[in-house]
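Chain by chain, the residues:
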Amino acid sequence: MASFWEYANPLKFMRTTDWLLPIVATAAVLVTATGLIWGFFFTPDDFRQGSTVKIVFIHVPAAMMAINAWVMMLVASLVWLIRRHHVSALAAKAAAPVGLVMTLIGLVTGAVWGQPMWGTWWAWDPRLTSFLILMLFYLGYIALWSAIDDPDTGADLTAVLCLVGSVFAVLSRYAAIFWNQGLHQGASLSVAPGTRMDWAYKAPLYTCMVGFGLIFLTLVLAGTRTEIRARRMKALVARERMA
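The protein chain is annotated in an unreviewed UniProt entry as Heme exporter protein C of Roseinatronobacter thiooxidans. As stated in UniProt under Sequence similarities (unreviewed entry), the record for the protein chain gives "Belongs to the CcmC/CycZ/HelC family." Quoted verbatim from the Function (unreviewed entry) field of the UniProt record, the comment on the protein chain reads "Required for the export of heme to the periplasm for the biogenesis of c-type cytochromes."

> Residue-level account of the UniProt feature "transmembrane region" (unreviewed entry) in the protein chain, with values.
What UniProt calls "transmembrane region" (unreviewed entry) maps, in this numbering, to residues 20-42, 62-82, 94-116, 128-148, 160-179 and 199-224. Overall, residues 20-42 shows 96% helix and 0% strand. The separation of its end C-alpha atoms is 32 Å. For residues 128-148, the helix share is 95%, the strand share is 0%, and the end-to-end C-alpha distance is 31 Å.

> So what's going on with the side chain of His85? Which residues, and what values?
The residue His85 is located in the loop between helix H2 (56-83) and helix H3 (86-118) in this model. For His85, a relative accessible area of 19% translates into the label buried.

> Hey, could you go over the pattern of salt bridges for me, with residue numbers and the actual values?
Here the structure, examined in full by the defined rule, presents four salt bridges. Arg225 is the salt-bridge partner of Asp18, the closest N and O atoms lying 2.8 Å from each other. Remark: Arg225 occurs in helix H6 (residues 199-242) and Asp18 occurs in helix H1 (residues 10-41); sequence separation between them is 207 residues. The exposure class assigned to Asp18 is partly exposed, which follows from its relative accessible area of 47%. The exposure class assigned to Arg225 is buried, which follows from its relative accessible area of 9%. Ionic pairing is found between Lys54 and Asp45, a salt bridge with its closest N-O pair at 3.6 Å. Taking relative accessible area as the criterion, Lys54 reaches 8% and is therefore assigned buried.

> Residues and numbers for the confidence of the model for the protein chain, please.
Residue-level pLDDT values for the protein chain average 86, and 86% of them are 70 or greater. Ranking the elements of the protein chain by mean pLDDT puts helix H5 (residues 151-178) last with 80 and H1 first with 96.

> How would you summarise the side chain of Thr103 if you had to cite specific residues and measurements?
Inspection of the secondary structure puts Thr103 in helix H3. If near-sequence neighbours (up to four positions away) are discounted, Thr103 is found in contact with Ala66, Phe131, Met135 and Tyr138.

> Give a description of empty space enclosed by the protein that names residues and reports values.
One pass over the full model with this rule turns up one cavity of 30 Å³ or more. Of the voids in this model, the largest cavity is the one considered here, and its volume is about 40 Å³. Surrounding the largest cavity, Ser77, Trp80, Ala89, Ala92, Tyr141, Trp145, Ala155, Thr158 and Ala159 form its lining. Top element by residues in the lining of the largest cavity is H5. It accounts for three residues. For the lining of the largest cavity, a count of residues per class yields seven nonpolar, two polar and no charged.

> So what about the packing of aromatic side chains? Which residues, and what values?
Within the structure shown, the criterion is met by six aromatic pairs. Their ring planes at 80° and their centres at 4.9 Å tell us that Trp70 and Tyr138 sit as a pair that is edge-to-face. Within this pair, whereas Trp70 is found in helix H2, its partner Tyr138 is found in helix H4 (residues 126-147), the two being separated by 68 residues in sequence. Comparing Trp70 with Tyr138, the two get one shared label, buried. A centroid spacing of 5.8 Å and a plane angle of 50° characterise the contact between Trp199 and Tyr206, whose relative ring orientation is tilted. Relative accessible area serves as the criterion here: at 55%, Trp199 is assigned to the exposed category. Taken together through their ring pairs, the aromatic side chains of Trp70, Phe137, Tyr138 and Tyr141 make up a single cluster. The cationic tip of Lys202 hangs over the ring face of Trp199; the distance from NZ or CZ to the ring centre is 5.3 Å.

The rules behind these values
- Residues numbered from 1 in each chain as written.
- Predicted model: local features only at pLDDT ≥ 70, side-chain atom pairs only at ≥ 80, totals over all residues.
- Heavy atoms only, no water.
- UniProt positions renumbered as here; feature names shortened; annotations may be inferred.
- Helix = DSSP H or I, 4+ residues; strand = E, 2+ residues; numbered from the N terminus.
- Buried < 20%, exposed > 50% of the residue type's maximum accessible area, 1.4 Å probe, protein only.
- Salt bridge = Lys/Arg side-chain N within 4 Å of Asp/Glu carboxyl O.
- pLDDT = per-residue confidence, 0-100.
- Contact = heavy atoms within 4.5 Å.
- 1 Å grid on protein atoms, 1.4 Å probe; cavity = no way out; pocket = protein on both sides within 12 Å on 5 of 7 lines; lining within 4 Å.
- Points joined across faces, edges and corners; volume = space filled by probe spheres on them.
- Nonpolar A, V, L, I, M, F, W, Y, C, P; charged D, E, K, R; others polar.
- Phe/Tyr/Trp six-rings, centres within 6.5 Å; stacked < 30°, edge-to-face > 60°.
- Lys NZ or Arg CZ within 6 Å of the ring centre and 35° of its normal.

Right under this line is the structure:
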């Protein structure tokens, strides 16, 4: 049985993703399209929110992936700090722009959904504020990578930033529990007793969540491959200059 750590080898990673990436990308398109079409066109309007509620099929998966992307970056950063595997550092770097876009989608769709419900586009709600701060950490993470020429130093410093930003990823998920105030509703999906959402909405929402997860995986795999190629190119250019 092959060790998981074998995939930290750039050559092994590239060979595996050569055949894996098209499969994941195809699944991402099919599952996401199925979930969105099902959710937007084959679910009834909510008795209170009308058709506005259907934005949940974009908002919730995007917000979920915005937080989970940072968690993935945290794990990859810890692997880099502990084991010094370059692929993990590059995977964290590739995940950051995807997480940033997911965060933006979550904020924008939340504003569009919230305006008719709350009467305002924005409120300094604990969950909204922590989510906005998480977006700023994404921007800072990407900017820090761009500002440092030495890749190992960049990986070290961004890993530390990722550890700090993880606090706000947790707050974004559990702010409504930590602070019993604010406009944002509780979790749409929960393992706690009590029905928060009918299965007419749950089934397509779960499908969309899986689809967004596959989109994230597709983009991270593709981004990591790009980062590996870019690092190889820099190494070849540096070698030619020294020759």
